[in-house]
Amino acid sequence: MFISAVGHSEDPDAQGAMDEIREQCEKTLSGHKPKAGIVYAAIDFDHEELLTIIDEFWPGLELIGCTTDGEVSSELGFSEDSIVLLLFASDTIDITAGIGEGLKDDTKTACREAVEMASAKSEKDSALCITLPDVLTGSGQVVVDSLVAELGKSIPLIGGAAGDQWQFQKTFQFYGKRVLSGAVPVLLFSGPLEYSFSLGLGCSLLGSEGSVTKSEGALLLEVDNKPAADYYRKMIGESATIGFEFPLAVLSEDGGIDYLRTPAGDFDPETGAVALFGDIKEGSKIRPSMISRDSALASSAQAGETVVSEYPSGQQPSVALIFSCAGRKMLLGTRTQEEPNGLDGMLDSTIPYAGFYTYGEICPSIPIEDGAKLHNHSLVVALLGERNE
């Protein structure tokens with residue numbers, strides 16, 4: 001048995017919101033006791049009060065969560081300034097939480113502690129891990145690489161980076177009743193878990209391939225031994241400025257898109273450098289790309305179709321997880337609600353879904369053995385369920 005329940009409330013009062021969410025979740029749980037959960041909350045809530053109420057309702061819950069740039073669920077679709085709670089009940093699958101602190105000081109140690117804490121609570125084989133890290137105090141890609149090193153590349157790592165509603169000042173991560181910042185929470189599924197996942201991009205490549213010849217973390221300095229701004233202007237026009245419609249594509253060996261990097265601002269007028277929302281390695285092959293509202297929404301629907309087709313035949317998912325980029329939300333604007341609506345049309349109406357708009361999406365490469373990467377401007381959709389043996 002593996003049951004997932006979703007509650008979603010726009011009540012600005014934490015107690016009022018949780019009373020509404022509890023009623024929604026208990027209706028689905030039908031008397032089953034949840035063992036774990038994920039909570040997504042807007043930045044302006046009293047998060048300590050929120051977590052205390054959740055613990056009062058469901059004591060001892062293995063709980064992680066984070067602040068967001070917008071929330072989505074099968075209850076209300078897209079919303080801002082709201083709370084989403086996803087609960088899991090199972091008598092076959094272990095679902096255990098862990099936390100690592102101090103990402104800024106020692107990312108590898110924080111990630112190791114998070115994985116070790118979650119792993120120590122189960123004797124079953126790990127199957128999949130969800131993470132909701134802070135990426136404002138350090139490198140999101142280093143967090144992902146460190147978690148993959150601890151889990152092993154055969155264990156899929158999915159999730160999204162915490163947000164703060166486009167303020168880029170401070171995000172919060174949740175573990176049990178604790179509210180933290182600069183932390184990496186994980187939720188580890190162990191036992192007979194079945195899953196599928198897909199990645200939605202919606203970009204078309206522009207111009208010709210370039211090579212990153214100088215970079216520092218998330219700062220793109222030179223392409224083909226010239227200032228990064230020169231490459232951009234050559235590809236998208238002399239008068240063009242960087243915007244959400246022009247993410248940078250980092251290419252795979254076959255020339256396709258491996259992952260995207262969204263510019264974090266315009267060119268540096270003195271150096272021609274471009275700040276990105278994720279690390280980019282020297283030697284990477286790149287091309288600019290272009291995305292529109294229509295192509296972003298089309299990719300969302302395609303991601304939903306793919307995740308359903310990839311789910312093992314004859315198995316029934318329990319829940320869909322959604323992690324979409326805050327940059328896509330900014331691009332979509334008044335059409336943001338159409339993204340979960342498009343996914344909704346691809347999923348069985350009995351499958352609840354929950355997710356949020358992130359500061360970076362985390363998803364395995366294909367094949368899984370290549371490990372997970374930090375994505376920008378992308379949509380990650382995953383289905384989870386119990387494997388029938």
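The paragraphs below set out a description of the structure included in this document. Quick caveat, the model's predicted, so the values are computed rather than measured.

1. Observations regarding the sheet that holds strand E1 (residues 2–9)
The 6 strands lie next to each other as E1-E6-E2-E3-E10-E11, forming an open sheet whose pairing is mixed. Edge strands, defined here as strands with exactly one partner in the open sheet, are E1 and strand E11 (178–180). Across this sheet, the average inter-strand angle for adjacent strands is 15°, counted without regard to direction. When strand E2 (residues 36–41) meets strand E3 (residues 62–67), the two strands line up parallel, connected through 6 bridges. Opposite Ala36, over in E3, you have Glu62 as the bridge partner. Sheet strands touched by helix H2 (residues 47–57): E2, E3, strand E6 (83–90), strand E10 (173–175) and E11. Its angle to E2, the strand with the most contacts, is close to 155°.

2. Structural notes on the pairing of E2
Along E2, 6 of the 6 residues are buried, which leaves the element largely enclosed by surrounding structure. Neither face of E2 is left uncovered, since the one carrying Ala36, Ile38 and Tyr40 and the one carrying Gly37, Val39 and Ala41 both have all their residues buried. In terms of handedness, the path from E2 via H2 over to E3 forms a crossover that is right-handed. When E2 meets E6, the two strands line up antiparallel, connected through 6 bridges. In the sheet register, Ala36 faces E6, and the bridge partner there is Phe88.

3. Describing helix H3 (residues 107–119)
Taking 1.5 Å of rise per residue, 13 residues should cover 18 Å, and H3 covers 18 Å from first to last C-alpha, within 8% of that figure. Listed in full, the buried residues belonging to H3 are Thr107, Ala110, Cys111, Ala114, Val115 and Ala118. Projected down its long axis, H3 shows its buried positions confined to an angular sector of 125°, all on one face. In this structure, the buried side of H3 is in contact with strand E7 (94–100), helix H4 (140–151) and strand E12 (184–190).

4. Focus: the packing of aromatic side chains
The description of two aromatic rings rests on the distance between their centres and on the angle between their planes. A complete count under the given rule lists 13 aromatic pairs for this structure. Between Phe78 and Tyr357 the ring centres are 5.7 Å apart and the planes differ by 90°, which places this aromatic pair in the edge-to-face class. In this pair, Phe78 is assigned in strand E5 (residues 77–79) and Tyr357 in strand E23 (residues 353–358), connecting sequence segments 279 residues apart. Exposure remark for Phe78: the relative accessible area of 18% places this residue in the buried category. Note on Phe323 and Phe356: the rings are 5.9 Å apart at their centroids and 90° apart in plane angle, and the pair reads as edge-to-face. With Phe323 in strand E22 (residues 319–325) and Phe356 in strand E23, this residue pair connects regions lying 33 residues apart in the sequence. The residues Phe323 and Phe356 share a single accessibility class, namely buried. Each residue in the set Trp166, Phe168, Phe277 and Tyr359 is aromatic and connected to the rest through ring pairs, giving one cluster. One cation-aromatic arrangement involves Arg22 over Phe57; the distance from NZ or CZ to the ring centre is 4.2 Å.

5. Here we look at the sheet that holds strand E8 (residues 126–131)
Taken together, 6 strands build an open sheet; the order of strands is E7-E12-E8-E9-E24-E25 and the sheet is mixed. The open sheet has two edge strands with one neighbour each: E7 and strand E25 (372–375). Strand-to-strand twist in this sheet, taken as the mean axis angle between neighbours without regard to direction, amounts to 20°. Pairing of strand E24 (residues 361–364) with E25, which is carried by 4 bridges, proceeds in the antiparallel orientation. Bridged to Pro364 within E25 is Ala372. The strands that H3 touches are E7 and E12; relative to E7, the one it contacts most, it runs at about 155°.

6. Quick word on a negative patch on the surface
Residues Glu10, Glu20, Glu23, Asp44, Glu75 and Asp81 make up a contiguous surface patch of negative charge. Mapped onto the secondary structure, Glu75 falls in the loop between strand E4 (71–73) and E5.

7. Quick word on the pattern of salt bridges
Counted under the stated rule, the structure contains 11 salt bridges. Measuring nitrogen to oxygen at the nearest pair gives 4.0 Å for the salt bridge that ties Asp94 to Lys35. Placement of the pair is Asp94 in strand E7 and Lys35 in the loop between helix H1 (14–29) and E2, with a sequence separation of 59 residues. Among the salt bridges present, the one from Arg335 reaches Asp294, with a minimum N-O distance of 2.9 Å.

8. Some points on unusual backbone geometry
A negative phi angle characterises most non-glycine residues, just as the trans form characterises most peptide bonds. Although it is not a glycine, Gln165 sits at a positive phi angle of roughly 60°. Position of Gln165 among the secondary structure elements: in the loop between strand E9 (157–160) and E10. Of note, the phi angle at Trp166 is positive, near 65°, even though the residue is not glycine.

9. A look at the side chain of Ser79
Within the fold, Ser79 resides in strand E5. Here the side chain of Ser79 touches Glu10 through a polar contact of 2.6 Å, side chain to side chain. Excluding residues that lie within four positions of it along the chain, Ser79 makes contacts with His8, Glu10, Gly70 and Glu71.

10. Description of the packing of H1 against H2
In contact at an axis separation of 9 Å, H1 and H2 are set at 35° when each is read in the N-to-C sense. Crossing hand, H1 versus H2: right-handed. On the side of H1, the interface is formed by Ala14, Gln15, Met18, Asp19 and Arg22, while H2 contributes Glu49, Leu50, Ile53, Ile54 and Phe57. Classifying every residue of the contact of H1 with H2 gives 6 nonpolar, 1 polar and 3 charged.

11. Side note on H1
Here H1 contains 16 residues, and its C-alpha end-to-end distance of 22 Å stays within 8% of the 22 Å for a straight helix at 1.5 Å per residue. Taken residue by residue, H1 has Ala14, Ala17, Met18, Ile21, Gln24, Cys25 and Leu29 as its buried positions. Burial along H1 is one-sided: seen end-on, the buried residues are contained in an arc of 130°. Along H1, the residues that are exposed and aim more than 90 degrees away from the buried face are Glu23 and Lys27. After H1 finishes, the residue Ser30 shows a positive phi value of roughly 50°.

Reading guide: rules and limits
Residues numbered from 1 in each chain as written. Predicted model: local features only at pLDDT ≥ 70, side-chain atom pairs only at ≥ 80, totals over all residues. Heavy atoms only, no water. Pairing = 2+ DSSP bridges. Helix = DSSP H or I, 4+ residues; strand = E, 2+ residues; numbered from the N terminus. Axes fitted to C-alpha atoms, helices over the stretch in contact; angles between N-to-C directions. Contact = heavy atoms within 4.5 Å. Buried < 20%, exposed > 50% of the residue type's maximum accessible area, 1.4 Å probe, protein only. Right-handed = clockwise from strand over helix to strand, strands pointing away. Expected span 1.5 Å × (residues − 1). Arc of directions from axis to C-beta. Phe/Tyr/Trp six-rings, centres within 6.5 Å; stacked < 30°, edge-to-face > 60°. Lys NZ or Arg CZ within 6 Å of the ring centre and 35° of its normal. Patch = residues over 30% accessible without salt bridge, like charges linked within 9 Å, V, L, I, M, F, W, Y side chains within 5 Å. Areas by Shrake-Rupley, 256 points an atom, 1.4 Å probe, with all protein chains shown as cover. Salt bridge = Lys/Arg side-chain N within 4 Å of Asp/Glu carboxyl O. Lys, Arg positive; Asp, Glu negative; His and termini not counted. Charge placed at Lys NZ, Arg CZ, Asp CG, Glu CD. Polar contact = N/O pair within 3.5 Å; in protein donor to acceptor, adjacent residues only side chain to side chain. Left-handed = near helix turned anticlockwise from the far one by under 90°. Nonpolar A, V, L, I, M, F, W, Y, C, P; charged D, E, K, R; others polar.

Honestly, it's all geometry; don't read function into it.
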